[in-house]
Amino acid sequence: MRVSVALPQRLGDDLVERARTVEALGFDGVWCFDHLIPLGDPRGPATEATAALGAVASATERVTVGPLVMRAGLRPVAVTAAIARTLAAVAPGRAVVGLGAGDRLTRPETERFGLDFPGLAGRVERLAEAVAAVRATGVPVWVGGRHPAVVEIASGADGWNLWEVPPGEVATLAAGWTGGTLSWGGRVAPLGGRPDLALDGPETTRLALAELAAAGVVEVTLTPVPADEPERLEDLAELVIGGPPRVG
């Protein structure tokens, strides 16, 4: 199973250096969130995904790079496709674009910036248009979300991402999945101390990852917490990919 890392969403972290560290530690991919303000902190600001990805892609050589997930409603469909083409040119063979419809958690930030937040049907329609436009560029697309209409779109894309679904529920949700890459994402506390997380501490994390693999997940994207402690990347690498040498 491939293991990737989602970089922190807060502006101010040294994302380029952290991306290089992720690659040096042996992880398989680097992903960026797509938020205008950090979720849970309306005082913001957040790292803008597309600008961050350009920097990360040019600073790395091996890892997969992409947004997980870029919300289809934040940008015109043609702009989203142009972003995909550009990312693929900067990181040939390494770009994957995650796309989602947005949900109730992202509504406040969307409306705060004066952007429309239509009902579910409208968001799903925009998602379908964005998926088709990006796939037409030749860049692989993973779709994030659990609503049946979103899962249907995912089945025609290149992959499906489940974010912070309890690992024990993934097998049921993915039963009969015949689409592309099945991926899972979530936060992990490598050393424990966060019982609110599904991946809390070494033993719980190992068991959860084994459960995900058994359910057919082929890639997990993890974001270590606390996110403002870069050494957590080293703790995570030692835990999930065999303990590569520490960086620095």
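Above this text sits the structure in question.
Every residue gets a number counted from 1 within its own chain, in the order that chain's sequence is written. Given that this is a predicted model, residues contribute local features only at a pLDDT of at least 70 and side-chain atom pairs are listed and counted only at 80 or more, while totals for whole chains, interfaces and linings are drawn from all residues. Excluded from the side-chain calculation are hydrogens and water; included are all heavy atoms of the structure.

Helical segments are the DSSP runs of H or I of at least four residues, strand segments are the runs of E of at least two, and each set is numbered from the N terminus. Each helix and strand counted, the protein chain has nine helices and ten strands in total. Taken against the 2.2 N^0.38 rule, which gives 18 Å for 248 residues, the C-alpha radius of gyration of the protein chain at 17 Å falls within 12% of a compact globule. Over its C-alpha atoms, taken along the principal directions, the protein chain stretches across nearly 45 × 40 × 35 Å. Any residue under 20% of the maximum accessible area for its type is buried, any over 50% is exposed, and the rest in between are partly exposed; the area is computed with a 1.4 Å probe on protein chains only. Split into buried and exposed, the 248 residues of the protein chain put 49% on the buried side. Of the roughly 10900 Å² of accessible surface on the protein chain, 54% is carried by carbon and sulfur atoms. Positive residues here are Lys and Arg, negative ones are Asp and Glu, while His and the chain termini are left out of the count. To locate a charge, the coordinates of NZ of Lys, CZ of Arg, CG of Asp or CD of Glu are taken. When the 22 positive and 30 negative side-chain charges of the protein chain are each reduced to one mean point, those points stand 3 Å apart. Using C-alpha atoms as the atom set, the radius of gyration is obtained and then compared with a globule rule of 2.2 Å times the number of residues to the power 0.38. Computed by Shrake-Rupley with a 1.4 Å probe, the accessible areas treat only the displayed protein chains as cover when residues are assessed.

By the secondary structure assignment, S4 is in strand β1 (residues 2–6). You can call S4 buried: its relative accessible area is 0%. The term polar contact refers here to a pair of N or O atoms within 3.5 Å; inside protein, the definition further demands a hydrogen-donor-capable atom paired with an acceptor-capable atom, and it admits residues adjacent in sequence only when both atoms are side-chain atoms. Polar side-chain contacts of S4 include one of 2.5 Å to the side chain of E219. Beyond its immediate stretch of four places on either side in the chain, S4 contacts D28, G29, W31, E219, V220, T221 and L222. When checking whether two residues touch, look at their non-hydrogen atoms; a contact exists if any pair is within 4.5 Å.

Here we take up the layout of surface pockets. By volume, the largest pocket is sized at about 1200 Å³. Definitions used throughout: a 1 Å grid over protein atoms alone; a cavity as a set of points that fits a 1.4 Å probe which cannot get out; a pocket as an open set with protein on both sides within 12 Å along at least five of seven lines; a lining residue as one with an atom within 4 Å of a point. F33, H35, L39, L105 and W163 are, among the 36 residues lining the largest pocket, the residues nearest its centre. Those elements giving two or more residues to the lining of the largest pocket turn out to be α5 (120–135) and β7 (159–163). Put simply, Ala, Val, Leu, Ile, Met, Phe, Trp, Tyr, Cys and Pro go in the nonpolar bin, Asp, Glu, Lys and Arg in the charged bin, and everything else, Gly too, in the polar bin. Across the lining of the largest pocket, the residue classes break down as 14 nonpolar, ten polar and twelve charged. Grid points are joined across faces, edges and corners, and a volume is the space filled by probe spheres set on the points. Of the voids in this model, the second largest pocket is the one considered here, and its volume is about 200 Å³. Every residue lining the second largest pocket is counted, 13 residues in all, and those nearest its centre are G73, L74, D116, P118 and R123. Counting residues per element, the lining of the second largest pocket draws most heavily on α5, which supplies three residues. Each residue belonging to the lining of the second largest pocket can be placed in one class, and the counts come to five nonpolar, four polar and four charged.

Further remarks concern the pairing of strand β5 (residues 97–100). A two-sided burial pattern is seen for β5, the buried positions comprising V97 and L99 on one face and G98 and G100 on the other. For a crossover, the right-handed case is the one in which the path from the first strand over the helix to the second runs clockwise, viewed with the strands pointing away from the viewer. Note on the crossover from strand β4 (residues 70–71) through helix α3 (residues 77–90) to β5: the handedness is right-handed. Strands were regarded as paired on the criterion that DSSP finds at least two bridges between them. Pairing of β5 with strand β6 (residues 141–144), which is carried by four bridges, proceeds in the parallel orientation. Residue pairing across strands places G98 opposite W142, the latter belonging to β6.

Planes of paired rings set the category: under 30 degrees apart is stacked, over 60 is edge-to-face and the rest tilted, where pairs are Phe, Tyr or Trp rings (Trp by its six-membered ring) whose centres lie within 6.5 Å. Scanning the model with the defined rule gives three aromatic pairs in all. On the numbers, 5.6 Å between centres and 90 degrees between planes, the contact of F33 with W163 is edge-to-face. Here the residue F33 occupies a position in the loop between β2 (29–32) and α2 (49–59), and W163 occupies one in strand β7, the gap between them amounting to 130 residues. Here W163 falls in the partly exposed class, since its relative accessible area comes to 31%.

Further remarks concern the pattern of salt bridges. The salt bridge definition used is simple: a Lys or Arg side-chain nitrogen within 4 Å of an Asp or Glu carboxyl oxygen. By the definition in use, this model includes twelve salt bridges. The residue R187 makes a salt bridge to E164 at a minimum N-O spacing of 2.8 Å. A residue pair is termed long-range when its members are at least 10 positions apart, and R187 in strand β8 (residues 181–189) and E164 in the loop between β7 and α7 (167–173) qualify at 23 residues. Taking the shortest distance from any N to any O, the salt bridge between E229 and R232 comes out at 3.1 Å. Given the relative accessible area of 17%, R232 is considered buried.

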